[in-house]
Every structure is written in C-alpha cells, then in structure tokens.
Amino acid sequence: MMRLEAVSVDLMTRLRQASPSQRRAAVLAACGYAIESAKVHDSVVLSVLGELSLGRDVLASKIEEIKMLAEQADEQYFDLHDAGDSSGDNAYLFAFSRARALSALLFAVENESLHSSSESIYEAVSAVDDPSAITVRVVSALV
C-alpha cells in the first residue's frame, strides 16, 4: 500500500498523471539524492544507479548485493535502536538513512509502475533530513 503520509496527495496525483519515463526520471532523482545524502558510497550501488540512469537492465547479482547491503543496514539500525543508547543517536540515524536509501534503490530496479515509483520515492523521502529537497527534485523531473 502506498504511504501518503510521506508522499503527499499532490505528489501522488502528479505521479499518477505522469508517463512511465517521467516517473522513472523522478525516481532516479529521488534515489540519487537519497543515496548522496545518506553517504552511500558503495561501488555496486553507484553502478546500479548509473545503469538505471542510462536505461539499462540491472544484473540480478547486483540487485542481490544491494538487498544484502539493505538488510545489513536494517539490522544495524534495529540493533542500535534496541540498544537504546542515546549517545548512538547519530549512528542510528545514519544507519536508518542508509537502509532507506538502499530500499529506495531496490524499488527503483523493479519494473516501472506507479507502485514501485511511489514506494521508491517514499523510501527516499524517509532517508533524508529535508523531504522538501526530494519533492523539488521529483516535481522537476515530472515536468
């Protein structure tokens, strides 16, 4: 189910009205910003983002690597959250942002659809401190 609390009704309307290529551009803009903001500098992640930007198919082995990285980031932030150590708040937030940025990329590698696009953008919005920065990029890509 799409999560409208993070992806505004206006933005969802724009996504519904957009062409598949416009939605793809919006997703790539959102993912690129989320990955940059979360400081995900993994070569496989950057390679996949580049391949998607060029309209190329992504190898299943690369998708599996990203899934593994996302699972590791999820485990890390759950462990930090469960530890409840307030001195680790920055580490928790960093791990959370990284996990959400990787999740956004995983939705981006799915076949383009309104569902995969909205989920990718939702995850990207969750990865950043300032959701309006993603919204501006998404709206620009949808024009």
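Since this is a predicted model, take the numbers as computed values, not measurements.

(A) Quick peek at the packing of helix α2 (residues 20-37) against helix α6 (residues 114-127). One can describe the packing of α2 onto α6 by two numbers: an axis separation of 9 Å at closest approach and a directional angle of 20°. As summarised for this structure, α2 and α6 are arranged roughly parallel, according to the angle between their axes. Handedness of the crossing formed by α2 with α6: left-handed. Contact with α2, carried on its side by R23, A26, V27, A30, C31 and A34, involves L114, S117, S120, I121, A124 and A127 of α6 and no other residues of that element. Residue composition of the contact of α2 with α6, grouped by class: 9 nonpolar, 2 polar and 1 charged.

(B) Focus on the packing of aromatic side chains. On inspection of all chains with the given rule, the structure shows 4 aromatic pairs. Centre to centre, the rings of Y77 and Y92 are 5.8 Å apart; their planes meet at 70°, and the pair counts as edge-to-face. In this pair, Y77 is assigned in helix α4 (residues 60-83) and Y92 in helix α5 (residues 89-108), connecting sequence segments 15 residues apart. Each member of the aromatic cluster is reached from another via a ring pair, and the members are Y77, F78, Y92 and F96. The lysine or arginine in question, R100, covers the ring of F96, its NZ or CZ lying 5.6 Å from the ring centre.

Reading the values: the criteria
- Residues numbered from 1 in each chain as written.
- Predicted model: local features only at pLDDT ≥ 70, side-chain atom pairs only at ≥ 80, totals over all residues.
- Heavy atoms only, no water.
- Axes fitted to C-alpha atoms, helices over the stretch in contact; angles between N-to-C directions.
- Helix = DSSP H or I, 4+ residues; strand = E, 2+ residues; numbered from the N terminus.
- Parallel < 35°, antiparallel > 145°, perpendicular 65-115°, else oblique.
- Left-handed = near helix turned anticlockwise from the far one by under 90°.
- Contact = heavy atoms within 4.5 Å.
- Nonpolar A, V, L, I, M, F, W, Y, C, P; charged D, E, K, R; others polar.
- Phe/Tyr/Trp six-rings, centres within 6.5 Å; stacked < 30°, edge-to-face > 60°.
- Lys NZ or Arg CZ within 6 Å of the ring centre and 35° of its normal.

No statement about biological role is implied by the geometric values presented.
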